[in-house]
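One-letter residues, chain by chain:
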Amino acid sequence: MKDLFGTPALPGLRSQSDVVTEAEEAALIDAIDAAGLSPFRFQGWEGKRLTTSFGLGYDFDRMRLEHADPLPPWLLPIRCRAAAFADRPAEDLVQALLIRYDPGAGIGWHRDRPAFEHVVGISLGAPAIMRFRRRRGDRFERVNVPLPPRGAYHLSGESRHVWEHSIAEMDRTRWSITFRSLSERGEAATRQGKRD
Ligand SMILES: O=C(O)CCC(=O)C(=O)O
Ligand SMILES: [Fe+2]
């Protein structure tokens, strides 16, 4: 269980290589491709990356959580693996987001929605760099973190709440599985039926 970094590159960020085997990676990629992905939608825009969610979705047109189909059986063992790596209970990781980034697709600067708390990602296919930045006066402080295929990363604390992250446009296809827990705010919204 070796961290990719001796010390975390950012407070709250951990990563680990070889969380899934090459054979598992191939099977997961096939399962993601068969899961009915569609272009990411944001406020009437369509992104190049293809996505689908289980457990809970997030509607970026209406900026609220929405219901989604339960996690399919093939995702449950991988959620256990992600939960063990992140030292979280598996059942807390209520959302599974599947993404396929074909050449030309990336993800712009953002922090994940406040309805979510822990973010645990698994990378498959082409290696990528997750870029982090935070504003320091009139400039940005920046940190780059490698996302090797079959590795996992966990964003919590500062790395999740303070820093923004992005992934540059890919030149080869990468797939990711992102598990998220709900924040207190997300739990409250869900209880009140507001699904914020
Ligand atoms: O593909 C990934 O590993 C990260 C995706 C991401 O940052 C997000 O969906 O919020
Ligand atoms: Fe994100």
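Residues numbered from 1 in each chain as written. Chains lettered and ligands numbered in written order. Predicted model: local features only at pLDDT ≥ 70, side-chain atom pairs only at ≥ 80, totals over all residues. Heavy atoms only, no water.

Identification of the protein as Fe2OG dioxygenase domain-containing protein from Sphingomonas mucosissima is taken from an unreviewed UniProt entry.

Draft legend 1. The overall build of the protein, seen in detail. When its secondary structure is counted, the protein shows 4 helices and 13 strands. Taking 2.2 N^0.38 as the reference for a compact globule, 196 residues should give roughly 16 Å; the C-alpha atoms of the protein span a radius of gyration of 16 Å, in line with that estimate. With the C-alpha coordinates aligned to their principal axes, the bounding extent of the protein is approximately 45 × 40 × 35 Å. Within the protein, buried positions represent 48% of all 196 residues. Long-range pairs, those at least 24 residues apart, make up 73% of the contacts in the protein between residues at least 6 apart in sequence. If you sum the accessible surface of the protein, you get close to 9,800 Å²; carbon and sulfur atoms cover 50% of it. Side chains of the protein give 29 positive and 27 negative charges; the mean places of these two sets differ by 5 Å. (Helix = DSSP H or I, 4+ residues; strand = E, 2+ residues; numbered from the N terminus. Rg over C-alpha atoms; globule rule 2.2 N^0.38 Å. Buried < 20%, exposed > 50% of the residue type's maximum accessible area, 1.4 Å probe, protein only. Contact = heavy atoms within 4.5 Å. Areas by Shrake-Rupley, 256 points an atom, 1.4 Å probe, with all protein chains shown as cover. Lys, Arg positive; Asp, Glu negative; His and termini not counted. Charge placed at Lys NZ, Arg CZ, Asp CG, Glu CD.)

Draft legend 2. Focus on the coordination of the iron ion (ligand 2). Protein coordination at the iron ion (ligand 2) comes from His110 (NE2), Asp112 (OD) and His165 (NE2), with a distance range of 2.1 Å. Sequence positions of the residues that donate to the iron ion (ligand 2) give the spacing H-x1-D-x52-H. With His110 in strand E7 (residues 107-110) and His165 in strand E12 (residues 164-167), this pair connects stretches of sequence that are 55 residues apart. (Donors = N, O, S within 2.8 Å, 3.2 Å for Na, K, Ca; no water.)

Draft legend 3. Examining the side chain of Ser183 more closely. Relative to the helices and strands, Ser183 resides in the loop between strand E13 (174-182) and helix H4 (184-191). In this structure the side chain of Ser183 is engaged in a polar contact, spanning 2.5 Å, whose partner is the backbone oxygen of Pro114. The contacts of Ser183, once residues within four sequence positions are left out, are Pro114, Ala115, Phe116 and Glu117. (Polar contact = N/O pair within 3.5 Å; in protein donor to acceptor, adjacent residues only side chain to side chain.)

Draft legend 4. Local environment of the layout of surface pockets. What the largest pocket holds in volume is close to 1,000 Å³. Elements that contribute at least two residues to the lining of the largest pocket include exactly strand E2 (38-42), strand E3 (45-54), strand E4 (56-59), strand E6 (95-101), E7, strand E8 (116-125), E12 and E13. With 8 residues, E3 is the largest single contributor of residues to the lining of the largest pocket. Of the residues in the lining of the largest pocket, the class split is 20 nonpolar, 14 polar and 13 charged. (1 Å grid on protein atoms, 1.4 Å probe; cavity = no way out; pocket = protein on both sides within 12 Å on 5 of 7 lines; lining within 4 Å. Points joined across faces, edges and corners; volume = space filled by probe spheres on them. Nonpolar A, V, L, I, M, F, W, Y, C, P; charged D, E, K, R; others polar.)

Draft legend 5. Highlighting the packing of aromatic side chains. Scanning the entire structure with this criterion turns up 5 aromatic pairs. Taking the centre distance of 6.5 Å and the plane angle of 20° together, the rings of Phe40 and Phe42 count as stacked. We classify Phe40 as buried; its relative accessible area is 16%. We classify Phe42 as partly exposed; its relative accessible area is 36%. Measuring from ring centre to ring centre gives 5.7 Å for Phe42 and Phe60, while their planes differ by 40°; the resulting arrangement is tilted. With Phe42 in strand E2 and Phe60 in the loop between E4 and strand E5 (64-67), this residue pair connects regions lying 18 residues apart in the sequence. Put simply, the rings of Phe40, Phe42, Tyr58, Phe60 and Phe116 pair up and form one aromatic cluster. Across from the ring centre of Phe40, 3.9 Å away, lies the NZ or CZ of Arg49, which sits over that ring. For Arg180, the ring lying beneath its charged end belongs to Phe116, and the centroid distance is 5.0 Å. (Phe/Tyr/Trp six-rings, centres within 6.5 Å; stacked < 30°, edge-to-face > 60°. Lys NZ or Arg CZ within 6 Å of the ring centre and 35° of its normal.)

Draft legend 6. A look at unusual backbone geometry. In this structure, Asp18 is a non-glycine residue whose phi angle is positive, near 50°. With respect to the helices and strands, Asp18 occurs in the loop between strand E1 (13-16) and helix H1 (22-33). Classification of Asp18 as exposed rests on a relative accessible area of 57%. If you check the backbone angles, Asp87 has positive phi at about 60° while not being a glycine.

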